[in-house]
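Summary of structural features
So the chains spell out like this:
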Amino acid sequence: MGKGRIEEKGLDLVKGNEALAMGAIDAGCRLYFGYPITPQNDIPEYLSKHLPLLGGEFIQAESEIASINMVLGAAATGTRAMTSSSGPGISLMQEGISYMAGSELPGVIVNISRSGPGLGGIAPSQGDYFQATRGGGHGDYRVLVLAPSSVQEMYDLTIKAFELADKYRNPVMILGDAIVGQMKEPLVRRTPEVREPPKEWALRGAKGREKNVLKSLYLGEGELTQHVWKLHQKYERMKEDVLYEAINLQDARLVVVAFGSVGRVARTAIEMVQKEGYPTGLIRPITLFPFPEEVIWETSKRVRDFLVIELNTGQMVEDVKLSVAEGTRVHFYGKPPGSMLTPEEVAEVILSNMK
Amino acid sequence: MKKVFKRPESLTEKPFHFCPGCHHGIAHRMVAEAIDHLGIKERIIGVASVGCSVFLYDYFDVDVIEAPHGRAAAVATGVKRARRDNVVFTYQGDGDLASIGIAEVVHAANRGENITIIFVNNSVYGMTGGQMAPTTLLGQKTTTSPYGRDFTQDGYPIRMAEMLATLEGVSFSARVAFNSPKNLLQAQKAIRKAFEMQLNRMGFSIVEILSACPTNWGLSPLEAKKRIEEEMIPYYPLGVFKEREIPDYL
Ligand SMILES: Cc1ncc(C[n+]2csc(CCOP(=O)(O)OP(=O)(O)O)c2C)c(N)n1
Ligand code: SF4
Ligand SMILES: [Mg+2]
C-alpha cells in the first residue's frame, strides 16, 4: 500500500478475518466497536486482544446500532475507527451509515456477509451487493465498497479502506464473505507509514478557532439541494479510485465478471478453459462502488459475450448491463446461498455460454 | 440568579426559536453557564439529539455533532473514547433518551462512560407534535393518547433518573425543575456537579430536567409551570438519587 517506507514483516499463514484486523491495526486504527455475529467473530476477538496492548480500545457494544454510532462519534473527532458485522447487523447500522454519509464522516464498516433474507444462514452469499452499493440506508448517498478475494487483499484493502475514507470523508465498506474470512493463506504484512490528511473539520474542542459543527440536517432554503449535489460530485470523483483485476481481455471471446470469492473461483475456471483452447477473460471488480464501468464498456466493444457469476439471484449483473456497449449479450449464472461454486461448475457454465 | 439572564459566553448570539414559556431555553442557558463557570468551553464537545433541541449546534458556541434520534449516548461514547481529555455532553429529550435511545443510555451508564447527559423530560414528543412519550403521565392527553394515558394499554411513566441511579457505572443522577427560584438554584448546582463528576473522571453523570412544553400541553407558560409543580413533581420527585464520592475503580 502507498508509497511510504515498506517493511516486510514476513510470511505467515493467516486467516482472512485476522488479516483484516491486522490491516486495521497497520492503518493506525485504534478504536473498534462491534457486536458478536458469525462469521466475523475472529475480527473482534483479534482486536480485543491486540488493541489494548497498543493503547487503543475495543468496545463490545450493546448492539450494531450502538456500534455504528460509536464509530460515528469517534469519526467526528477525526480518529480512525472501525466496526464489523454480518447481514442482520449491517442492516441495523444503515441509519447510522446514512448519517455518516450525510455528515461526511470517514469510517470503515466491514460486512463479512452471510445469507439472508432474515436470519438466513451463515453460508457464503453475495446477497448484500445491493445493500452495499446502493447506499443501503435512507437518502441519496453512496458508500465506497471494496470486495477482497484473498487473505492478502483482506489486509491490503483494509488499509486502503481507511485511506479512502479519509480522502473522501465518507464511510467505506468492505464486503467479504465466510470464504475469504475463514480461509488461511500466506500474508505479507507491511508497516505502512500511517498517513492521514489534516482534519480541520474534526471536533476536538474549539480552542483557538471557530467552533466546528458536524451535521446532516439542512433546512435552509436550497441548502439540502446544494449539499446533496456536493455529495454527488464526490461520488463521481471516487471513479479515480476504481480498482479491478483484469485477465486475458485482449483475446477473449467471452469475459466473466465476478467479485470476491467467486472472482477467485472464476479465475481458476478460466485457466481450465483456456487450456482447452477457449479464450476467456475475467474482470473482477475490487471496488463495487465505484463500479469499474469504464473497462467493461471498453472491453464490450470488442467482446460480444459477458457472463456474470454471483452467489445470489442477480444483483451485480444489473451494473454490468448498465456498463456494456449496445449489442453485448450479458449472461448470468446465479447461485443463491447454500453451496459454493466449484471451478468445474464455472468452467462448464463458461463453455455452455460460449457456444 | 441574575447571571442566568446574561448571555453566557458558551452561547452564540442567535436568538432561541423555542416557543414562549419553553424550558429548553433555560436549560441551554444553564448548561452554557456551567461550561463557562468550569472554564471548559474550549475543550467541550456537545452531542445534539433529534427533537426540539436539535439546533443546539446553532446556539452553543462549542464543537457539536448531531446524533441520530436516540443514539446520542453511543455517539458520545465514541467521541469520549477517542478524546479522553475532552469533556463530552449530550442533550436529549425524553422521546430520544427514554424511548428509542433507552438501550444506548442504559449501556453507556452501565459502562460508566465518563460523559454527562442533560435529559430534558417534558412528558411529550415536542418536535413531532406532542405525541405520547414513555414519560407521559397517567391520564395525560396527547395527540396519540387522546383519551389520556392508560396503564393497561400504555404502561407507566418511566422514571429514568431513579432507574439509572441503580447502575454501578453511574456517578451522579439527579432530577431538577425550573419552577421556582429555589429549584433553579438546585438545577444550576446539579448541572455543575454533573460536569465536575466527568472532570474528576468519576463516570457517567445525568441530570433530568422536568421541562415545560406549553405548546403541546395546551397551556399558557404560567399554567405549564404550575403543571410541573402540581402534576409532574409529585410523580417525578426532585433530588439527587446518586452521588459518588470516590471513583468506582478505587
Ligand atoms: C428514527 C427516527 N424516528 C423518528 C423520528 C422523528 N422524531 C423526531 S424528534 C422525535 C421526538 C422528539 O421528542 P423528544 O425526544 O421528547 O424531544 P422534544 O422535542 O420533546 O424536546 C421524533 C419521534 C426521527 N427523527 N428518527
Ligand atoms: S414544542 Fe414544546 S418543547 Fe418544542 S419548542 Fe415548543 S414548547 Fe418547547
Ligand atoms: Mg420531549
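I will try to describe carefully the structure that is included in this document. Predicted, not measured: the structure shown is a model, and the values here were computed from it.

**Quick look at the overall build of chain B**
When its secondary structure is counted, chain B shows ten helices and nine strands. Taking 18 Å as the expected radius of gyration for a compact globule of 250 residues, we find that chain B reaches 17 Å, a close match to that expectation. Expressed as lengths along the three principal axes of its C-alpha atoms, the size of chain B is roughly 50 × 40 × 35 Å. Residue pairs at least 24 apart in sequence account for 70% of intrachain contacts in chain B once pairs closer than 6 positions are excluded. In the structure as shown, chain B presents an accessible area of about 9700 Å², 55% of it carried by carbon and sulfur atoms.

**What about the site of ligand 1?**
In the region of ligand 1, 17 residues are neighbours, and Cys52, Asp94, Gly95, Asp96 and Gly126 of chain B sit closest. At the site occupied by ligand 1, nearby residues are drawn from chains A and B. The side chain of aspartate 94 of chain B places a nitrogen or oxygen atom 2.5 Å from an oxygen atom of ligand 1. Isolated, ligand 1 exposes 590 Å² of accessible area, and the fraction of that covered by the protein chains is 77%. When contributions to the shell around ligand 1 are tallied by element, the ones reaching two or more residues are α4 (94-100) and β5 (124-125) of chain B. Examining the composition of the shell around ligand 1, we find that four residues originate from one element, α4 of chain B, more than from any other. Residue composition of the shell around ligand 1, grouped by class: six nonpolar, eight polar and three charged.

**Examining the interface of chain B and chain A**
Contact with chain B, which involves 36 residues of that partner, is made by 36 residues of chain A. Roughly 2700 Å² of surface becomes buried between chain B and chain A when both sides are summed, with 58% attributable to carbon and sulfur atoms. By the criterion of area lost to chain A, the three top residues of chain B are Glu42, Asp63 and Glu66 of chain B, representing 22% of everything that side buries. Inspection of the chain B/chain A interface yields six salt bridges. Residues lysine 207 of chain A and glutamate 42 of chain B are paired through a salt bridge, measuring 4.0 Å at the closest nitrogen-oxygen approach. Counting the contacts that link chain B with chain A gives 16 residue pairs in polar contact (both at pLDDT 80 or more). Broken down by secondary-structure element, the contributors of at least two residues to the side of chain B that touches chain A are β1 (44-48), α2 (56-59), β2 (63-66), α3 (72-82) and α5 (102-110) of chain B. In terms of residues, the side of chain B that touches chain A owes the most to one element, α3 of chain B, which gives seven residues. A class-by-class count of the residues in the side of chain B that touches chain A yields 17 nonpolar, six polar and 13 charged.

The rules we used
- Residues numbered from 1 in each chain as written.
- Chains lettered and ligands numbered in written order.
- Predicted model: local features only at pLDDT ≥ 70, side-chain atom pairs only at ≥ 80, totals over all residues.
- Heavy atoms only, no water.
- Helix = DSSP H or I, 4+ residues; strand = E, 2+ residues; numbered from the N terminus.
- Rg over C-alpha atoms; globule rule 2.2 N^0.38 Å.
- Contact = heavy atoms within 4.5 Å.
- Areas by Shrake-Rupley, 256 points an atom, 1.4 Å probe, with all protein chains shown as cover.
- Near = heavy atom within 4 Å.
- Polar contact = N/O pair within 3.5 Å; in protein donor to acceptor, adjacent residues only side chain to side chain.
- Nonpolar A, V, L, I, M, F, W, Y, C, P; charged D, E, K, R; others polar.
- Buried area = accessible area lost by both parts, 1.4 Å probe.
- Salt bridge = Lys/Arg side-chain N within 4 Å of Asp/Glu carboxyl O.

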